[in-house]
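Residue-level structural notes
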Amino acid sequence: MRVVSPEIHEGIKVSELVEMLGKTAFNARRLGEAAKICEEMVKNDSFVFLTLAGAMIPAGMRKIVAGMMQNGFIGSLVTTGANVVHEIVESLGVGHEIGSCYVDDTALAEENVNRIYDVFISQEAFEKVEEFLSGVISEFEGVYASYEFLWEVGKRIEDESSFLRIAAEKEIPVFCPTLHDSIAGLHVMIYRKNLQIDFFRDVSKMIDLCFQKRKMGVIVVGGGVPKNFTLQAMLLAEGFDYAVQITTDSPQWGGLSGATLEEAKSWCKLKPDAKAVTVYCDATIALPLLYAYLLDRL
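Residues numbered from 1 in each chain as written. Predicted model: local features only at pLDDT ≥ 70, side-chain atom pairs only at ≥ 80, totals over all residues. Heavy atoms only, no water.

A few points about the overall build of the protein
Inclusion rule: Starting at the N terminus, helices and strands are each numbered in turn, a helix being any DSSP run of H or I of at least four residues and a strand any DSSP run of E of at least two. Throughout, the radius of gyration refers to the C-alpha atoms, and the reference size of a globule is 2.2 Å times the residue count to the power 0.38. Exposed residues in this analysis have more than 50% of their type's maximum accessible area, buried residues have under 20%, and partly exposed residues fall in between, with area computed by a 1.4 Å probe over protein chains only. Two residues form a contact once any of their heavy atoms are found within 4.5 Å.
Counting secondary structure elements, the protein contains 13 helices and 11 strands. A compact globule built from 298 residues should have a C-alpha radius of gyration of about 19 Å, and the protein, at 20 Å, falls within 12% of that. By its C-alpha atoms, the protein is 60 × 45 × 40 Å across when sized along the principal axes. When each of the 298 residues of the protein is scored for burial, the buried share is 50%. For the protein, restricting intrachain contacts to residue pairs at least 6 apart in sequence, the fraction spanning at least 24 positions comes to 74%.

Here we look at unusual backbone geometry
Phi at Asp45 is positive, roughly 55°, even though this residue is not glycine. In this fold, Asp45 is placed in the loop between helix H2 (26-43) and strand E1 (47-52). One non-glycine residue with positive phi stands out, namely Asn112, at about 60°.

Considering the sheet that holds strand E5 (residues 119-122)
Formally: In this scheme, strands are said to pair when DSSP sees at least two bridges between them. Here, axes are lines fitted to C-alpha atoms. For helices the fit covers the stretch in contact, and angles between N-to-C directions go from 0 to 180 degrees.
A sheet is described by the order of its strands in space; here three strands give the open sequence E3-E5-E4, paired in antiparallel fashion. One side of each edge strand has no neighbouring strand; the edge strands of this open sheet are strand E3 (97-98) and strand E4 (113-116). Direction of pairing for E4 relative to E5: antiparallel, over a ladder of four bridges. From the neighbouring strand, Ile116 faces E5, where its bridge partner is Val119. Where helix H6 (residues 123-137) meets the sheet, its contacts fall on E4 and E5, and the angle it forms with E5 comes to roughly 55°.

A short note on empty space enclosed by the protein
This is how the line gets drawn: Points on a 1 Å grid, built from protein atoms alone, make a cavity when a 1.4 Å probe fits but cannot get out and make a pocket when they are open with protein on both sides within 12 Å along at least 5 of 7 lines; residues with an atom within 4 Å of a point are the lining residues. Grid points are joined across faces, edges and corners, and a volume is the space filled by probe spheres set on the points. Residues are grouped as follows: Ala, Val, Leu, Ile, Met, Phe, Trp, Tyr, Cys and Pro are nonpolar; Asp, Glu, Lys and Arg are charged; all remaining types, including Gly, are polar.
Scanning the model with the defined rule gives one cavity of 30 Å³ or more in all. Empty space within the largest cavity amounts to approximately 30 Å³. As for the largest cavity, its lining consists of Cys38, Met41, Val42, Val48, Met68, Phe73, Ile219 and Leu294. Of all the elements, H2 adds the most residues to the lining of the largest cavity, at three residues. In terms of residue class, the lining of the largest cavity is made up of eight nonpolar, no polar and no charged.

If you want it as structure tokens, here you go:
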């Protein structure tokens, strides 16, 4: 098959463009391959995990995650405590502001503004999170897995576009193996009475999900704990049939975010014949394009 230059035309659909990119080269082709793999995952009724690391919610990706849940493209989300906190920020109507990376951070601190690269968030946002979570946490007693705790949080969120609310309504497990490594974890520590978060219950649930008698897929955004937590569950199962990874890291540094999907096959986390591709791209570019492609195709 020859390399084909995309024929861009007025009114082109995102799905058309992404498919054309699959006949080009480098990471454009990888993005096209990733779209085809994701499409096959869903068409084959696979159980798909989405793992989300990095500041994806402050960057504006929350409605993509929510849409993937609503449309049945993913069966579970594994993410960081920070993304959970920022989702609560958004659901409370405070939001994040377009900022700049060229700024005096000391001056921002004096104005009670926090910076996440080129995104600003006021200290008031975290005060509202504390007000909301303190009331929720103080209600709970007993032992919860992180996904059970987040279902309860989601039930108390009024914003219908919140992926935490959608997850609670549809009973989609949202695992947060680093919940304690976040502002939410600090609030659990401060305001809990007899509440315990048992992360080993998360591991047990993950393994149960991985043992389903159906095709299994994973979409990895970034790396970190969400990636490892999801892939390691397959050490006791048969491995993923499909895998798509979006990362800006490279493998030679030995870090998890750059570890290739081929490397994961050596651990039997992916099946030997798994369809897999890594897209070396900013996830704030690649993820919306993949989601738009799936909406068009499915």
